[in-house]
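Breakdown of the fold
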Amino acid sequence: MLRECTSTEALENPTGEFDLTEHDPVNPSSQTPTQALQRDPVAITRNIANTIRSSQLRREEFREIVTTGNRRERWLDAQQVSYQLAHLTLIRDSPTQWGSSYLMIERALYLRQAIEVYISPPVMSTIFKQRLTNNEWAVLKDIKNILEPAHALQAVMCTEHTPILACILPAFDSLLSTWTRMRKEPSNAHLRRMIDAAVEKMTSQYNERRFSKPHIISIGMWQAVTKSIANQAFASPSSIAQVSMDRKKLASQSGFVC
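Since this is a predicted model, take the numbers as computed values, not measurements. Each chain carries its own residue numbering, running from 1 in the written order of its sequence. Selection of residues for local features in this predicted model requires a pLDDT of at least 70, selection of side-chain atom pairs for listing and counting requires 80 or more, and totals for whole chains, interfaces and linings are taken over all residues. With hydrogens and water excluded, all non-hydrogen atoms of the structure serve as input to the side-chain values.

1. Considerations on the overall build of the chain
The way it works is that DSSP assigns letters per residue, a run of H or I at least four long becomes a helix, a run of E at least two long becomes a strand, and they are numbered from the N terminus. Scanning the chain from terminus to terminus reveals eleven helices and zero strands. From first element to last, N terminus to C terminus, the chain shows the α and β order α-α-α-α-α-α-α-α-α-α-α. For every residue, the accessible area obtained with a 1.4 Å probe (protein chains only) is divided by the maximum for its type, and the residue is called buried under 20%, exposed over 50%, and partly exposed between those limits. Residues classed as buried in the chain amount to 34% of the 258 residues present. Residue contacts follow a heavy-atom distance rule, with two residues in contact if any of their heavy atoms lie within 4.5 Å. Here the analysis covers contacts within the chain between residues at least 6 apart in sequence; of these, 66% occur between residues at least 24 apart. Approximately 15400 Å² of the chain is accessible, and the part contributed by carbon and sulfur atoms is 55%. In short, Shrake-Rupley with a 1.4 Å probe defines the accessible areas, and a residue's cover is counted only from the protein chains shown.

Here it is in structure tokens:
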């Protein structure tokens, strides 16, 4: 999915510096979302996070920037109201940790103002060769919004004490519906290739699993469990009978046996 909005080289070498000078915008203020995406804001964010994280001195300096900004009430939200930044470090993404790219982007967006203050002095230009423009920050937020449903779903599934195989297909359905809706939004036009890649991959996995024996068996078992719960929850015997009849009718129409 991310391969459609960031370079393969940057993904395969997340700890190395990725040179983007050939894509430097002539006039950042007039960047279109597509031009901002071509500059690879994900890779630039990774470079910034790696550069700060790789040095103990830089980590301490960055923490001091946050502390000073909090004391001087320098950090302002969209309504120009000051707020306190938490003392958090930037996150590195990893090709072996699912969701780490989302977490890296989310943390960078949260610490954006502190990042810009830290890397803005001219003396830092040799250390931080690429900096995000306002439009690139906006595109980075758009990418984060596209990744968010998948990250949220994964987080919910991982916190289940008793994961249920029968819930996977409905989860796929929910995620596909969300991405399909997001693809139609004009504000996401520059990210449609990214969304299309995600939908194609998810649809392929969905089709591979929807008729697999483990899923069919688990759905049948889950139906039995929910029927037992319904028997205890419904006060009226006629309501229980109606639920059972409706389920058998639906099962016969779909080819499943309850």
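More follows now that the structure is in view.
2. Thoughts on the nonpolar core
Residues belong to one nonpolar core when they are buried, are Ala, Val, Leu, Ile, Met, Phe, Trp, Tyr or Cys, and are joined through side-chain atoms within 4.5 Å. Ranked by size, the top nonpolar core spans 44 residues in total, and within it Ile48, Phe62, Ile115, Ile143 and Trp179 carry the most contacts. Mapped onto this core, the elements with two or more residues apiece are helix H2 (33–38), helix H3 (41–53), helix H4 (56–71), helix H5 (100–110), helix H6 (112–119), helix H7 (134–159), helix H8 (168–184) and helix H9 (192–209). When residues of this core are assigned to their parent elements, the largest contribution, seven residues, is made by H7.

3. What about the packing of aromatic side chains?
In this analysis, rings of Phe, Tyr and Trp, with Trp reduced to its six-membered ring, are considered paired at centre separations within 6.5 Å, and the interplanar angle assigns stacked below 30 degrees, edge-to-face beyond 60, and tilted for intermediate values. Enumeration over the complete set of coordinates arrives at two aromatic pairs. On the basis of an interplanar angle of 80° and a centroid distance of 6.0 Å, the ring pair of Phe62 and Tyr118 is categorised as edge-to-face. Taken together, the residues span a long stretch of sequence, with Phe62 in helix H4 and Tyr118 in helix H6 at a distance of 56 residues. Neither Phe62 nor Tyr118 differs from the other in exposure class; each is buried. Plain terms: the ring middles of Tyr118 and Phe128 are 6.0 Å apart, the flat faces sit at 75° to each other, and that makes the pair edge-to-face.

4. Describing unusual backbone geometry
Leave glycine aside and you will find that most residues have negative phi; peptide bonds, for their part, are mostly trans. The phi angle at Asp40 is positive, at roughly 65°, despite the residue not being glycine. Mapped onto the fold, Asp40 is located in the loop between H2 and H3. Residue classification places Asp40 among the buried positions, given a relative accessible area of 5%. Even without glycine at this site, Gln80 takes up a positive phi of about 65°. Mapped onto the elements of the fold, Gln80 is located in the loop between H4 and H5. Judged by its relative accessible area of 58%, Gln80 falls in the exposed class.

5. Thoughts on the packing of H4 against H6
Where H4 contacts H6, the two axes come as close as 9 Å, and the packing angle between them is 120°. Accordingly, the angle class assigned to the pair H4 and H6 is oblique. H6 is crossed by H4, and the crossing has right-handed handedness. Together, Arg58, Glu61, Phe62, Ile65 and Val66 of H4 and Ala114, Ile115, Val117 and Tyr118 of H6 make up the contact between the two elements. Amino acids outside the nonpolar list (Ala, Val, Leu, Ile, Met, Phe, Trp, Tyr, Cys, Pro) and the charged list (Asp, Glu, Lys, Arg) are all regarded as polar, and Gly is one of them. Class assignment of the residues belonging to the contact of H4 with H6 gives a composition of seven nonpolar, no polar and two charged. Axis angles are defined between N-to-C directions and span 0 to 180 degrees, where every axis is a line fitted to C-alpha atoms and, for a helix, only to the segment in contact. When describing relative orientation, an angle under 35 degrees is termed roughly parallel and one over 145 degrees roughly antiparallel, while 65 to 115 degrees is termed roughly perpendicular and anything else oblique. Here a crossing is called left-handed whenever its near helix is offset anticlockwise from the far helix by less than a right angle, and right-handed whenever the offset is clockwise.

6. Some details on H4
Residues spaced three or four apart along an α-helix point in a common direction, a consequence of the helix completing one turn every 3.6 residues. Multiply 1.5 Å by the residue count of a helix minus one, and that product is the helix's expected span. With 16 residues, H4 extends 23 Å between its outermost C-alpha atoms, agreeing within 8% with the 22 Å of an ideal straight helix rising 1.5 Å per residue. Regarding H4, the residues found buried are Phe62, Val66, Thr68, Gly69 and Asn70. Contacts made by the buried residues of H4 are with H3 and H6. In the analysis that follows, any N or O atom pair within 3.5 Å is treated as a polar contact, provided that within protein one partner can donate a hydrogen and the other can accept it, and provided that, for residues neighboring in sequence, both atoms belong to side chains. Capping the start of H4, Ser55 holds a side-chain oxygen 3.3 Å from the backbone nitrogen of Leu57, two or three residues further along. Looking at the residues trailing H4, positive phi occurs at Glu73, about 55°.

7. Examining the side chain of Asn70
On the secondary structure map, Asn70 appears in helix H4. A distance of 3.1 Å separates the side chain of Asn70 from the side chain of Trp75, its partner in a polar contact. Discounting chain neighbours no more than four positions away, the residues touching Asn70 are Trp75, Tyr83, Gln84, Leu85 and His87.

8. So, the packing of H3 against H5
Axis separation between H3 and H5 bottoms out at 10 Å; the angle between their running directions is 75°. The orientation of H3 relative to H5 falls into the category roughly perpendicular. Side by side, H3 and H5 meet where Val42, Thr45 and Arg46 of the first sit next to Met104, Ile105 and Ala108 of the second. Tallied by class, residues from the contact of H3 with H5 come to four nonpolar, one polar and one charged.

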